[in-house]
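Fold and geometry: a report
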Amino acid sequence: MNIVYVEKVSKEYQLGATVVKALKGVDLAVEGGEFMAIVGPSGSGKSTLLNLIGCIEKPTAGIVKVDGVDVVNLSSNELAVIRAGKLGFIFQTFNLLPVLTVAENVEYPLHLKPVGSKEKKERVDSVLKEVGLERFSAHKPAELSGGQRQRVAIARALVGSPSIILADEPTANLDHKTGTGILELMRGINKKFGTTFIFSTHDQKIVTMADRVVELRDGERAGD
Amino acid sequence: MYLRLAFKNIFRNKTRSLITLAAIAFGCISLIIAGGFMENIFYQIRESYIRSFFGHIEVNKTGFFEKGVAKPFDYMISGPGDVIKKIYSAEHVKTVTPRLEFSGLLSTGETTISFLGQGVDPKTEKEISTAVGIDAGADLAPEDTYRITVGRGLSSAIGAKVGDPLIAVANTKGGAINALDVTVKGVFFTASKAFDDRAVRLPIATAQKLLHTGDVQTLVVLLDKTENTDMVIKNLRDLFKKDGLDLEIKPWYEMADFYTKTVDLYRRQFLVLKLIIAVVVVLSVFNTMNMSVLERVGEIGTVMALGTKKSGVVALFIIEGFILGVIGGVAGLAGGYLLASLISYIGIPMPPPPGATMTWTARVDIVPGLFVYAFVLAIITAIVSSFYPAFKASRLEIAEALRHNI
Ligand SMILES: Nc1ncnc2c1ncn2[C@@H]1O[C@H](COP(=O)(O)OP(=O)(O)O)[C@@H](O)[C@H]1O
Ligand SMILES: [Mg+2]
């Protein structure tokens, strides 16, 4: 069974009087444990596709299944439960909560689930160790470099043991060396825990690290 | 987690939160000061009325209140000694004093003026009439006979000074006219100017001599505390009923018509103040929460993407409002307490209340009920004014909100 299954998915946005077709009938099947890149020029629909898989937006038409669950007709609360339970997110802009410490940021997704406080602490410690930031747990995000912040975000995505981690341009705000480090970290996690990764990028060098590359052009697949 | 996050978010924009907290605290302080000031005024006016005129309770022959004005001599208490003893036997009774009121004419020989006579027992009356002041001369003493004190207004109207001889004329019980030579011993004043303009006080024995009677009209009862009035009345009624005494009892608040009306009016005005304060707090918290939502659109998108439900986002902002209310409320209670104590320590000089002649000093009472009220109001208004911003935050589109993270 595919962990992500997308069939004939389209997404249209109403922009004033005009309709923007962000996706035009995209098919995509992802195996569990894949480390997959979505590439394409700006505006080609990468973010939109990731948002649909991430249960953040709903398609105008088509099927989206996450871990076997058809998510198209679920309520916003049901989608929130799926996001909290099965998905992890990494953002281009890191999106840490500035008022919380590193450890608290990483802990945040756990409070959305029934996890005891002792286990919470253990999991936070273990994922922070995984990303190499255990010494920074009491720091505020503002005290960290961009690469460190993205590592915190990876720890936060990982802490709930999701089956899929979605990363929209995770390296776009980082210099090349740091970005490569981030991708190596993701790759390591993918290997170690078997977590499925789907990330978008337009950095050619990084693309080579993926198992599979899906290319989008103008809202459509452009050949594998 | 929500609590921790809400707490930390409040301290993120310190100036804004401080202003909001100040507004909430200010609201609480205003309520506590204004309310405590009002309660103190009520208390002082009430006590001054009780101690100048009514006592806490008046005991009369049944029917006196209804028909006594027309036929005072038909509603007298004869042999008051036993009744007085009986009243003293009730708990919380401090003093019982007899009074005999009548109207008559007072003459210097040149000028004659009508007066309201009040025959009193100087010894026990002194304990009740603590709010009756003496302008000149001295108050009546137990050994005095044929001596009177006159109200301030009456004294100047008739031109009678301390030591002046006067003639008091009145109708006797039998319907004849009787006159007595009396001397002015002192000039008094009370909280009521109208009373001071007409009243004469004289020893009750002298009054009885003038009216040819051995009876008294009213027994005025003073209690240890005003709050015990209703309880004592109930006990006295039972006592009188058991002994088959034909007496009626009236509490001070049924006689102090002016007081109850004033209190009513001021309480209503206070309600308006409460409303204004609530509006100020609502607007202030609303503004703060609304700005927080606007500033944090990106973060709201993030936590929702991570799996926080709409209800969680609502909870986050409501908790923030709640915390603002609690902190502001606590600060307000503390500030209110301190300021009330300070004002009470200094005292507020007050002009005479309507119909009275003496200036007095108001304080700010610490009213526990007001503190509770102010605190609850602070929290409720803070929560209520967070509702709309919280709801607005929860309605954000996640993808759209995420784009606000630059
Ligand atoms: N909320 C939106 N409203 C209108 N148009 C949108 C919206 N989101 C995306 N689009 C449009 O959809 C297209 C695809 O956008 P996006 O998925 O963000 O592309 P990418 O991530 O590959 O740069 C673009 O033309 C973009 O302008
Ligand atoms: Mg994009």
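Shown above is the structure to which this text applies.
An account of the accompanying structure is given in this report. (Residues numbered from 1 in each chain as written. Chains lettered and ligands numbered in written order. Predicted model: local features only at pLDDT ≥ 70, side-chain atom pairs only at ≥ 80, totals over all residues. Heavy atoms only, no water.)

Points about the overall build of chain B
Convention followed: Under the DSSP-based scheme used, a helix requires at least four consecutive residues in state H or I and a strand at least two consecutive residues in state E, with every element numbered from the N terminus. Each radius of gyration is computed over the set of C-alpha atoms, and the globule rule expresses the reference value as 2.2 Å times the number of residues to the power 0.38. For this analysis, residues touch if any pair of their heavy atoms sits within 4.5 Å. Per-residue and other accessible areas were derived by the Shrake-Rupley procedure at a 1.4 Å probe size, with only the shown protein chains allowed to occlude residues. His is not counted, nor are the chain ends; Lys and Arg add positive charge and Asp and Glu add negative charge. Where a charge lies is defined by one atom per residue type: Lys uses NZ, Arg uses CZ, Asp uses CG and Glu uses CD.
Within chain B, the secondary structure is distributed over 15 helices and 12 strands. Relative to its length of 406 residues, chain B is extended, with a C-alpha radius of gyration of 32 Å against a globular reference of 22 Å. Along the three orthogonal principal directions, the C-alpha set of chain B runs to about 105 × 50 × 30 Å. When contacts within chain B are restricted to residue pairs at least 6 apart in sequence, long-range pairs at least 24 apart make up 80% of them. Accessible surface for chain B amounts to roughly 18700 Å². Of this, 63% is attributable to carbon and sulfur atoms. Across chain B, the centroid of the 42 positively charged side chains sits 9 Å from that of the 37 negatively charged ones.

Let's talk about the sheet that holds strand 9 (residues 212-217) of chain A
Residue and element names in this part refer to chain A. Applicable threshold: Any two strands with at least two DSSP bridges between them are considered paired. Here an axis means a line fitted to C-alpha atoms, over the contact stretch when the element is a helix, while the angle between two N-to-C directions is reported on a 0 to 180 degree scale.
In spatial order, the strands read 6-7-8-3-9-10; together these six strands make up an open sheet with mixed pairing. For this open sheet the edge positions go to strand 6 (87-90) and strand 10 (220-221), each flanked by a neighbour on one side alone. Lying over the sheet, helix 2 (residues 76-86) contacts strand 6 and strand 7 (164-168), oriented at roughly 80 degrees with respect to strand 6. Contacting strand 3 (35-39), strand 6, strand 7 and strand 8 (196-200), helix 6 (residues 176-193) runs over the sheet at an angle of about 155 degrees to strand 8.

With respect to the interface of chain A and chain B
How big an interface is tends to be expressed through the accessible area that disappears when the partners come together. Worth spelling out the cut-off: Two parts lose some accessible area (1.4 Å probe) when they are put together, and adding that loss for both gives the buried area. Whenever Lys or Arg places a side-chain nitrogen within 4 Å of a carboxyl oxygen from Asp or Glu, that contact is recorded as a salt bridge. Counted as a polar contact is a pair of N or O atoms within 3.5 Å, where, for protein atoms, one must be capable of donating a hydrogen and the other of accepting one, and residues adjacent in sequence contribute only when both atoms are in side chains. Classification convention: Asp, Glu, Lys, Arg as charged; Ala, Val, Leu, Ile, Met, Phe, Trp, Tyr, Cys, Pro as nonpolar; all other residues, Gly among them, as polar.
Between chain A and chain B, the contact holds 24 residues from the first and 22 residues from the second. For the chain A and chain B pair, buried surface summed over both sides reaches about 2300 Å², with 67% attributable to carbon and sulfur atoms. Between the two partners, chain A and chain B, sit three salt bridges. A salt bridge links A:E104 to B:R4, with the nearest nitrogen and oxygen atoms 2.9 Å apart. The tally of links between chain A and chain B comes to six residue pairs in polar contact (both at pLDDT 80 or more). Looking at the side of chain A that touches chain B, the elements with two or more residues in it are helix 2 and helix 3 (102-107) of chain A. When residues in the side of chain A that touches chain B are grouped by element, the largest group, six residues, is from helix 2 of chain A. Residues that form the side of chain A that touches chain B fall into these classes: 12 nonpolar, seven polar and five charged.

A word on a nonpolar patch on the surface
Quick reminder of the rule: Patch building starts from residues that exceed 30% relative accessible area and form no salt bridge, then joins like charges within 9 Å and nonpolar side chains (Val, Leu, Ile, Met, Phe, Trp, Tyr) within 5 Å.
A cluster of nonpolar side chains, namely B:V372, B:V376, B:I380, B:V384 and B:F387, defines an oily patch on the protein surface of about 440 Å² accessible area. Turning to its location among the elements, B:V384 is positioned in helix 14 (residues 368-394).

Topic: the site of ligand 1
What counts is decided by this rule: The rule for a residue being near a molecule or strand is that one of its heavy atoms must lie within 4 Å of it.
The full set close to ligand 1 counts 13 residues, and A:G43, A:K46, A:S47, A:T48 and B:R403 are the nearest of them. Flanking ligand 1 are residues from chains A and B. In the environment of ligand 1, an oxygen atom lies 3.3 Å from a nitrogen or oxygen atom belonging to the backbone of A:S44. At 2.9 Å from an oxygen atom of ligand 1 is found a main-chain nitrogen or oxygen belonging to A:K46. Calculation on ligand 1 without its partners gives an accessible area of 560 Å², and the protein chains cover 72% of this total. For the shell around ligand 1, the elements supplying multiple residues, two or more each, are strand 1 (4-15), strand 2 (18-30) and helix 1 (46-53) of chain A. Examining the composition of the shell around ligand 1, we find that three residues originate from one element, helix 1 of chain A, more than from any other. Within the shell around ligand 1, the residues separate by chemical class into five nonpolar, six polar and two charged.

Topic: helix 4 (residues 117-130) of chain A
Residues and elements named next belong to chain A. Formally: Expected helix span is computed as 1.5 Å times (number of residues minus one). Type-normalised accessible area, obtained with a 1.4 Å probe on protein chains alone, sets the label of each residue: buried when under 20%, exposed when over 50%, and partly exposed for intermediate values. The arc in question is traced by the directions running from the helix axis to the C-beta atoms.
If you check helix 4, its first and last C-alpha atoms are 20 Å apart, about what 14 residues at 1.5 Å a residue would give, namely 20 Å. Restricting attention to buried positions, one finds in helix 4 the residues K120, V124, V127 and L128. Burial along helix 4 is one-sided: seen end-on, the buried residues are contained in an arc of 100 degrees. Among the exposed residues of helix 4, those oriented more than 90 degrees off its buried face are K118 and K129. On its buried side, helix 4 packs onto helix 3 and helix 5 (146-158).

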